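Residues per chain are reported as follows:
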Number of protein chains: 4
Amino acid sequence: MAGSTFGTIFQISTWGESHGKGIGVVIDGCPAGIPLTEEDIQKQLDRRRPGQNRYTTARAESDQVEILSGVFEGQTTGTPISLLVRNQDQRSRDYGSIAELYRPGHADYGYDKKYGIRDYRGGGRSSGRETIGRVAAGAVAQKLLGELGVSVTAYVSSIGPVTIDRNAIDFSYIEESPVRMPDANATKKALDWLEACIQSQDSSGGAIECIVKKLPAGLGEPCFEKLDANLSKALMSIGAVKAVEIGDGTAVRFAKGSENNDTYLEDDNRIPYKASNHSGGILGGISDGSPLFLRCSFKPTPSIAQPQSMLGKDGKCHVESIHGRHDPIIVARAVPVVEAMTALTLADHLLLAMTSRMDHVKKVWNSATP
Amino acid sequence: MAGSTFGTIFQISTWGESHGKGIGVVIDGCPAGIPLTEEDIQKQLDRRRPGQNRYTTARAESDQVEILSGVFEGQTTGTPISLLVRNQDQRSRDYGSIAELYRPGHADYGYDKKYGIRDYRGGGRSSGRETIGRVAAGAVAQKLLGELGVSVTAYVSSIGPVTIDRNAIDFSYIEESPVRMPDANATKKALDWLEACIQSQDSSGGAIECIVKKLPAGLGEPCFEKLDANLSKALMSIGAVKAVEIGDGTAVRFAKGSENNDTYLEDDNRIPYKASNHSGGILGGISDGSPLFLRCSFKPTPSIAQPQSMLGKDGKCHVESIHGRHDPIIVARAVPVVEAMTALTLADHLLLAMTSRMDHVKKVWNSATP
Amino acid sequence: MAGSTFGTIFQISTWGESHGKGIGVVIDGCPAGIPLTEEDIQKQLDRRRPGQNRYTTARAESDQVEILSGVFEGQTTGTPISLLVRNQDQRSRDYGSIAELYRPGHADYGYDKKYGIRDYRGGGRSSGRETIGRVAAGAVAQKLLGELGVSVTAYVSSIGPVTIDRNAIDFSYIEESPVRMPDANATKKALDWLEACIQSQDSSGGAIECIVKKLPAGLGEPCFEKLDANLSKALMSIGAVKAVEIGDGTAVRFAKGSENNDTYLEDDNRIPYKASNHSGGILGGISDGSPLFLRCSFKPTPSIAQPQSMLGKDGKCHVESIHGRHDPIIVARAVPVVEAMTALTLADHLLLAMTSRMDHVKKVWNSATP
Amino acid sequence: MAGSTFGTIFQISTWGESHGKGIGVVIDGCPAGIPLTEEDIQKQLDRRRPGQNRYTTARAESDQVEILSGVFEGQTTGTPISLLVRNQDQRSRDYGSIAELYRPGHADYGYDKKYGIRDYRGGGRSSGRETIGRVAAGAVAQKLLGELGVSVTAYVSSIGPVTIDRNAIDFSYIEESPVRMPDANATKKALDWLEACIQSQDSSGGAIECIVKKLPAGLGEPCFEKLDANLSKALMSIGAVKAVEIGDGTAVRFAKGSENNDTYLEDDNRIPYKASNHSGGILGGISDGSPLFLRCSFKPTPSIAQPQSMLGKDGKCHVESIHGRHDPIIVARAVPVVEAMTALTLADHLLLAMTSRMDHVKKVWNSATP
């Protein structure tokens, strides 16, 4: 319960440090009977892998996953699925020099206060490599969602000053874009911006949006386990995220009720349809059958090569440069992480919501044989 | 586990519907030995009470709290604290006419799909009255925080187009302002704006900010139970919230690393100090000893008096007005709710973080008598 | 999470002290659409009520239950069900004299060490009155089980030296027997024994057995959430229980594998049937479709009127008599408590097990409308 | 949440099947700053390892553990500790013939009903090999307990008809005895009995007792998370356990209050001492400072070589012998498992109980630096 477990029914526990022996995750509560192979998982891990191009860290890791348990003859068995990725390129000598410093924008200081001991190599547990476990487990959650026809698609919507043109969105372009923007034009501008950041030994913030289609209405629990509450937690738990928005997000504070309410109109055949989706598919914490829409804002990579003034364990200021291999932008590699956290939350809520109605309970148990 | 329980150690379970017999909360896991009276709790309930002024619903409720258990001779005993507020003004006849309609911007449709049955009187469980339990429990959490010197202060930062002037913030003005803005000038403009909304039978969105002082460093658990992740969940679980921001929030996506990193400078006595607080007091999910800062955006009250086109249970469109007694703006009364959810999250994390270090474990148990 | 919450999906939180304002329970996660009235609950509370006869405490309590939330038009709505029983006869003057003493066989000493403060009136939270919340919630769980045809029946199997004759068991006699034994002959002997105990200002231990019929196979989760593990926890959490046995229980340690295995035979029509039920309906922690059978042993009421030598807060020995109104035997009134804890565990596991198979998941969601 | 996670603060998640790639466990919530090596864990695994002698399965497994995360420079860091044991001797051909049969006394039938799919090789997840994860994690829990001076010692108290002589108990003999009995004489008789069982292709039940010394008073939470309730769950979750007893256990049902109460006497210096320990160190679910004492009864190994009549997936009876490598008695190898489950429960409760008192909370946080 010290933070590395997520979910109530579809529950995952991740482990591992940046420069330890490896990274992994145990998934418990995945229903039996879902086809699953290592390739299903590897496909997503390859999207978050370092070294994909000039805009991601040069650390050489193939991040090959191994399924250690919970799958038998190509199907999930309902028992824990343990996934392991061994670390390969652990150049921890890069980090030794800052064992005595608290890097700005990092968790170093907090970890030292919290634990009194800290694996400083590459940030240890607070490294972005921790998301390998999330992405691996998320791939399994996406298989479950796929069985029910639910799709989860994330993409980069802005990098620094460059924002996608909402009228030019082309989802088929996402994986072609080196920065996973669904817009060729914006991609070009973003690459120019990142080039400038690299030249000035700096990094850039950005945003990721995610859209979920075919989600049944009725997901989410009242009060504290609202669907949007859990999505917020899931996404804010990604290291660099500093804001989560559902539907119109921060814009709602400028809106009037008459503008923000999603009213119904009738089409030519007098069939009602929802004329807008300001809510982003969630009302009162419960999915309403519309597409789910969310956005999260990522801060710029805190590790930058230019010299910075930072606090040391000795209680004094030190001006130092942080060496190592870092991404000038996080969002491109974070797209599969956002999809994973969204999928994990939805898979859990789909299972949780099965027990909301006695007629559903009877549907399962009345057909059960003794 | 169906949504009405919050927290791991300092854990609350709320219950009650808008037009049922009452609203309440059970707090389990509150440490023994904290002085607690009904007045401590009533004080906060009075701040969220309806009928405070023209800008809040006219529903007449005194919302008197009764402590039913867990307090003995003026102190918490460590056992569950049960708090009860009886409903008084339950004019449910106001709502009967819309039993067959799904109000825009409300959870009505989702509840019907989820449960197959719905207490439609005043929104039932999805009513804002549900927050009584949160505020009552939050008052207890604030007592705990107070014992450690931690203070939690929320205020309205914007209403529609009116935003407070950050250079004119005066916390002592919050409770004087009918809309809980810490800025007399902005308050005046906001009241004008709300008057216009009332005239046009409309409502307005707004935002609340919250600042926490004297929070120890080292709170928050790695990975999924990060302090900001749980704060996001806590705040997004408030019905009308559509965005949660920590520190610089959505602005980080436009920032560069060199701008967003909070570096240290040395003062004249060569004592290091943090020159900025873009992080809002949380790095890598762990509190860093700086003031915690967050903001949440509230959508406009969905219940407006003007006629709206809405879906009915019969699958057809109906143009209807929603009668009843509604707030033209939610944020003023939501200030104690934001404080409550923040305090509940922090109290829980303070208790959780006690077990992070073996030297702290020994500190407690070595002094224990057999 | 400080002990007063039970269950994962069908989750209850109890509260209240012996001599506080009342006792109650909040049930969250009960499926919507189950018919429920106060009478359904009162019926079970009446079975555990004090003052039923000479063998139960003379404390005068009618223990009337009030449903405060979660039921609308006679049906559960899926939202929290809050149940309240006000205390009436709170003669706490009986207890004042032992505020400074740790009663033998009671939790007094442990509470003082744990909390540093203790509501000593009638044992406070550690009183048997705490089980009111269990029985009330258990009645709701039994309604749920009833919808699926599952029945839970407990009875007293032994009191002191008197044990029921297994060949003479008559379930219809349980409620006729003042000590809830399903055997008229044993009842008579038990009453004689209890009369002797009362004369000597003493109390007696005993045992309760419970049998569950029509439970589907496949309940229970592997490893730590086995069905028998959770039943053991549920039953051992009843104050006076010191042993829990499943199936043959302690007798298995004397058995050989060839004796203990439940093998199958074929009947005259060559239909296989299980020739024995040593397992008590649970194998490897999973229900196997046979009747579930368990037994728990209750220690004698620790409060006895004869003088005892006990430790005081002053660290010295004191010989005192414990006044107050106490049962010479607990098991008769504990029968509905055992049924409640069994039913609560089973209801929770029935809901948990719904998500074990992807074909069951599809069964619910494929029929869901968007 | 599907069963493979145990504990609230000191929380473990196990995974792995008998004939899969390996077995493992992730420990989250272990405090930072505890010295830990692979040898600390290996020592306990070696005690449960197969092939120790003639009375344990001949399966050849060295069960070497690897620490994958959470330990840095020989100390726990507070982050998840992942432990891995690769399976080596996976002769699954032994099991192919019974893929279509439900073995008596095993979970086979329940798993098939629950999941619709089953890894039948060696029992898959329901195999006793699953306890490797428990023992490995338990070794870490024992390190934590050791830091506080708490000791946990289990031993075999009976095998079939042979019971240890309570006046001859010698703890130093436990590891010398091939069946872990603390009594040389009983050991000899037990070995004779087991030899007879092996000759008749049969197996034997037995019992394990466990004693815990130097446990602080005040552990355990009221109501449902009582210390004995959680110990019962922990122990009953071990596959073959069918009864759990605390203190006098089942014997309490024959006792009178005057006999069962542990009263205090004064020694020659008028210092009070507890004259007996019928409670086994737990009263009202809270530790009372006396030694904790518990017993669990293990059924005989269900896998026996003699032919048995069992149900098949085809719904017919089949008389078959179960080949494979099985223990004639489980208890000897289960001693470290009982110690592990006890230690895990106590470690969790020690951490949970730290937050019971506000003075303890202040003790930790007032010394915290910002």
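Residues numbered from 1 in each chain as written. Chains lettered and ligands numbered in written order. Predicted model: local features only at pLDDT ≥ 70, side-chain atom pairs only at ≥ 80, totals over all residues. Heavy atoms only, no water.

Undergrad: For this particular structure, what's the right way to read the overall build of chain A?
TA: Secondary structure summary: chain A contains eight helices and 19 strands in total. Taken against the 2.2 N^0.38 rule, which gives 21 Å for 370 residues, the C-alpha radius of gyration of chain A at 22 Å falls within 12% of a compact globule. For chain A, the spread of C-alpha atoms along the principal axes amounts to about 65 × 55 × 40 Å. For chain A, buried positions account for 69% of its 370 residues. A separation of at least 24 residues holds for 68% of the contacts in chain A among residues at least 6 apart in sequence. Of the accessible surface of chain A, which amounts to about 11,100 Å², a share of 48% is contributed by carbon and sulfur atoms. Looking at chain A, you have 41 positive and 44 negative side-chain charges, and the mean spots of the two groups are 4 Å apart. (Helix = DSSP H or I, 4+ residues; strand = E, 2+ residues; numbered from the N terminus. Rg over C-alpha atoms; globule rule 2.2 N^0.38 Å. Buried < 20%, exposed > 50% of the residue type's maximum accessible area, 1.4 Å probe, protein only. Contact = heavy atoms within 4.5 Å. Areas by Shrake-Rupley, 256 points an atom, 1.4 Å probe, with all protein chains shown as cover. Lys, Arg positive; Asp, Glu negative; His and termini not counted. Charge placed at Lys NZ, Arg CZ, Asp CG, Glu CD.)

Undergrad: Sorry if this is basic, but what is going on with the side chain of T5(B) here?
TA: Position of T5(B) among the secondary structure elements: in strand 1 (residues 5-6). Within the structure, the side chain of T5(B) is placed 3.0 Å from the side chain of S13(B), a separation counted as a polar contact. Non-local contacts of T5(B), meaning those with residues more than four positions away in its chain, are made with F224(A), E225(A), Q11(B), I12(B), S13(B), Q11(C) and D28(C). (Polar contact = N/O pair within 3.5 Å; in protein donor to acceptor, adjacent residues only side chain to side chain.)

Undergrad: Which parts of the structure should I look at to understand the interface of chain C and chain A?
TA: Each partner contributes residues to the interface: chain C has 33 residues there, and chain A has 33 residues. For the chain C and chain A pair, buried surface summed over both sides reaches about 2,900 Å², with 72% attributable to carbon and sulfur atoms. Of all residues in chain C, M354(C), M358(C) and W365(C) bury the most surface against chain A, accounting for 25% of the area lost on that side. Taken together, the residues of the side of chain C that touches chain A sort by class into 20 nonpolar, nine polar and four charged. (Buried area = accessible area lost by both parts, 1.4 Å probe. Nonpolar A, V, L, I, M, F, W, Y, C, P; charged D, E, K, R; others polar.)

Undergrad: Looking at this structure, how should I read helix 7 (residues 331-352) of chain A?
TA: Because an α-helix completes one turn every 3.6 residues, residues spaced three or four positions apart along the sequence face the same direction. Its 22 residues place the ends of helix 7 of chain A 30 Å apart at the C-alpha level, agreeing with the 32 Å of an ideal helix rising 1.5 Å per residue. Helix 7 of chain A sits mainly inside the fold: 22 of its 22 residues count as buried. (Expected span 1.5 Å × (residues − 1).)

Undergrad: Would you take a moment to explain the relation of the copies chain C and chain A for this structure?
TA: What relates the pair of chain copies is a rotation about an axis plus a shift along that axis. Taken as rigid bodies, chain C and chain A are interconverted by a rotation of 180° and an axial shift of 0.0 Å, the fit giving an RMSD of 0.0 Å. The relationship between the two copies is best expressed as a two-fold rotation axis. Looking at the interface residues of chain C, 100% of them are also at the interface in chain A, so both copies use one shared face. (Least-squares fit on C-alpha atoms with pLDDT ≥ 70 in both.)

Undergrad: Would you explain the interface of chain A and chain B in this entry?
TA: Interface size is commonly expressed as the accessible area that is lost once the parts come together. Taken together, the contact pairs 101 residues of chain A with 102 residues of chain B. For the pair chain A and chain B, the two sides together bury roughly 8,100 Å², of which 60% comes from carbon and sulfur. Counting the contacts that link chain A with chain B gives six salt bridges. With its nearest N and O atoms 3.0 Å apart, the salt bridge here joins E225(A) to K233(B). Scanning the region where chain A abuts chain B turns up 50 residue pairs in polar contact (both at pLDDT 80 or more). Of all the elements, helix 2 (residues 108-115) of chain A adds the most residues to the side of chain A that touches chain B, at seven residues. Residue classes in the side of chain A that touches chain B are distributed as 40 nonpolar, 38 polar and 23 charged. As paired strands, strand 12 (residues 241-246) of chain A and strand 12 (residues 241-246) of chain B are joined by three bridges and run antiparallel to one another. (Salt bridge = Lys/Arg side-chain N within 4 Å of Asp/Glu carboxyl O. Pairing = 2+ DSSP bridges.)

Undergrad: Just to check I follow, could you spell out the packing of helix 5 (residues 227-236) of chain A against helix 7 of chain A for this structure?
TA: Residues and elements named next belong to chain A. Running from N to C, helix 5 and helix 7 point in directions that differ by 145°, and their axes come no closer than 9 Å. The crossing of helix 5 and helix 7 is right-handed. Contacts from L227, N230, L231, A234 and L235 of helix 5 reach helix 7 at V338, M341, T342, T345, L346 and H349. Its residues placed into classes, the contact of helix 5 with helix 7 shows seven nonpolar, four polar and no charged. (Axes fitted to C-alpha atoms, helices over the stretch in contact; angles between N-to-C directions. Left-handed = near helix turned anticlockwise from the far one by under 90°.)

Undergrad: Help me out: how do you make sense of the relation of the copies chain A and chain B in this one?
TA: Overlaying chain A on chain B yields an RMSD of 0.0 Å, the required transformation being a rotation through 180° with an accompanying axial translation of 0.0 Å. A shared binding surface is used by both copies, with 100% of the interface residues of chain A retained as interface residues in chain B.

Undergrad: Please explain unusual backbone geometry as it appears in this structure.
TA: With glycine set apart, most residues show a phi of negative sign, and most peptide bonds adopt trans. Residues other than glycine seldom take positive phi values, yet E73(B) does so here, at roughly 50°. Along the chain, the position of E73(B) falls in the loop between strand 5 (71-72) and strand 6 (75-76). Positive phi is not limited to glycine here, since R180(D) has a value of about 55°. Topologically, R180(D) is positioned in the loop between strand 10 (162-163) and helix 5 (184-199).

Undergrad: Please explain the packing of aromatic side chains as it appears in this structure.
TA: Aromatic rings considered in pairs are described by the distance between their centres and by the relative angle of their planes. All names here are of chain A. Here the structure, examined in full by the defined rule, presents 20 aromatic pairs over all chains. Considering the side-chain rings of Y102 and Y109, the 5.1 Å spacing of their centres and the 90° angle between planes classify their relative orientation as edge-to-face. By the burial criterion, Y102 is buried, and Y109 matches it. Here K114 stacks its cationic end above the ring of Y115, 5.5 Å away from the centre of that ring. (Phe/Tyr/Trp six-rings, centres within 6.5 Å; stacked < 30°, edge-to-face > 60°. Lys NZ or Arg CZ within 6 Å of the ring centre and 35° of its normal.)

Undergrad: I'm lost on the sheet that holds strand 18 (residues 308-312) of chain B in this one. Help?
TA: Two modes of strand pairing occur in sheets, parallel and antiparallel, and in both the strands are linked by backbone hydrogen bonds. Spatially, the three strands line up as an open sheet ordered 8-18-19 (chain B), and their pairing is antiparallel. Of all the strands in the sheet, the pair left with one neighbour each is strand 8 (101-102) and strand 19 (317-320) of chain B.

Undergrad: Looking at this model, I keep getting lost on the sheet that holds strand 19 (residues 317-320) of chain D. Mind explaining?
TA: Residue and element names in this part refer to chain D. Spatially, three strands are ordered 8-18-19 in an open sheet, and the strand pairing comes out antiparallel. At either end of the open sheet lies a strand with only one pairing partner, and these are strand 8 (101-102) and strand 19. Both strand 8 and strand 18 (residues 308-312) contribute to a ladder of two bridges, which runs antiparallel. By the bridge assignment for strand 18, Y102 is matched with L311.

Undergrad: Sorry, what's going on with the pattern of salt bridges here?
TA: Working definition: two side chains of opposite charge can pair if their charged atoms are close together. Counting across every chain of the model gives 108 salt bridges over all chains. Salt-bridge contacts for E66(C) lead to K21(B); the nearest nitrogen and oxygen are separated by 3.1 Å. Of this pair, E66(C) sits in strand 4 (residues 65-67) while K21(B) is found in the loop between strand 2 (11-16) and strand 3 (22-28), placing the two residues in two different chains. On the basis of relative accessible area, E66(C) is assigned to the buried category, the value being 19%. Here D119(D) and R121(D) are joined by a salt bridge, their closest N and O atoms 2.9 Å apart. For the pair D119(D) and R121(D), a shared accessibility class is recorded, and that class is buried. By sharing partners, the salt bridges in this structure join R103(A), D108(A), D112(A), R118(A) and K313(A) into a single network.

Undergrad: So what exactly am I meant to see when it comes to the confidence of the model for chain A here?
TA: Residue-level pLDDT values for chain A average 93, and 95% of them are 70 or greater. Reported confidences for the modelled complex are a pTM of 0.97 and an ipTM of 0.96. (pLDDT = per-residue confidence, 0-100.)

Undergrad: Please clarify how the pairing of strand 7 (residues 81-86) of chain C should be interpreted in this entry.
TA: The side chains of a regular strand alternate between the sheet's two faces. Residues and elements named next belong to chain C. Across the six residues of strand 7, five count as buried, placing the element largely inside the fold. Here strand 3 (residues 22-28) runs beside strand 7; their pairing, made up of six bridges, is antiparallel. Among the inter-strand pairings, G24 is bridged to a residue of strand 7, identified as L84.

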